[in-house]
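Single-letter residue listing:
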Amino acid sequence: GISASGVDENDGKQYYSQMGKPIVVEDGVAKVPSRECFAGSIATTDRLIRTMVNIAEVPLYTAVKMASLTPATYLGVADKKGSIEVGKDADVIITDGNFKVLKTIIAGEVKYES
């Protein structure tokens, strides 16, 4: 995601990419100022999983794996991230049945709780 990810009511505001390029967000979509192409994703992981389960009808287990173990494996960090196992980093999100984040745990410590 880009700097506008997860920011409430970000439409119409200007943000910057990691390379310093300007980005605008309109209708929940990040675009370059000329509107000729997308500028990155502003979707949060909970939203991505919700979309895969509710719209694409992917089983929950598969959607969670797509958002965790699959990218960790691709990035070469699956020995520490991507699944819940002894010796891994203990980064976990807890959601309700509608995928609203209730708790965020990073390195085994609660960092957010609603």
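Higher on the page you've got the structure.
Comments concerning the sheet that holds strand S5 (residues 92-95)
Thinking step 1. Taken together, three strands build an open sheet; the order of strands is S5-S6-S7 and the sheet is antiparallel. Lying at the two open borders of the sheet, with one neighbouring strand each, are S5 and strand S7 (109-113). If you compare each strand with its neighbour and ignore which way they point, the axes differ by 20° on average.
Thinking step 2. Inspection of the sheet shows S5 paired to strand S6 (residues 101-106) by four bridges, in the antiparallel sense. Bridging across to S6, Thr95 finds its partner in Val101.

Describing the pattern of salt bridges
Thinking step 1. Under the criterion given, the structure shown has eight salt bridges.
Thinking step 2. Two residues, Lys31 and Glu26, come together in a salt bridge whose shortest N-O distance is 3.2 Å.
Thinking step 3. Assessed through its relative accessible area of 18%, Lys31 is described here as buried.
Thinking step 4. Across the salt bridge formed by Glu113 and Lys103, the nearest N and O atoms sit 3.5 Å from each other. Highlighted residues: Glu113 in strand S7 and Lys103 in strand S6, separated in sequence by 10 residues.
Thinking step 5. You can call Lys103 partly exposed: its relative accessible area is 25%.
Thinking step 6. Overlapping salt bridges bring together Glu26, Lys31 and Arg35 as one network.

Analysis parameters
Residues numbered from 1 in each chain as written. Predicted model: local features only at pLDDT ≥ 70, side-chain atom pairs only at ≥ 80, totals over all residues. Heavy atoms only, no water. Pairing = 2+ DSSP bridges. Helix = DSSP H or I, 4+ residues; strand = E, 2+ residues; numbered from the N terminus. Axes fitted to C-alpha atoms, helices over the stretch in contact; angles between N-to-C directions. Salt bridge = Lys/Arg side-chain N within 4 Å of Asp/Glu carboxyl O. Buried < 20%, exposed > 50% of the residue type's maximum accessible area, 1.4 Å probe, protein only.

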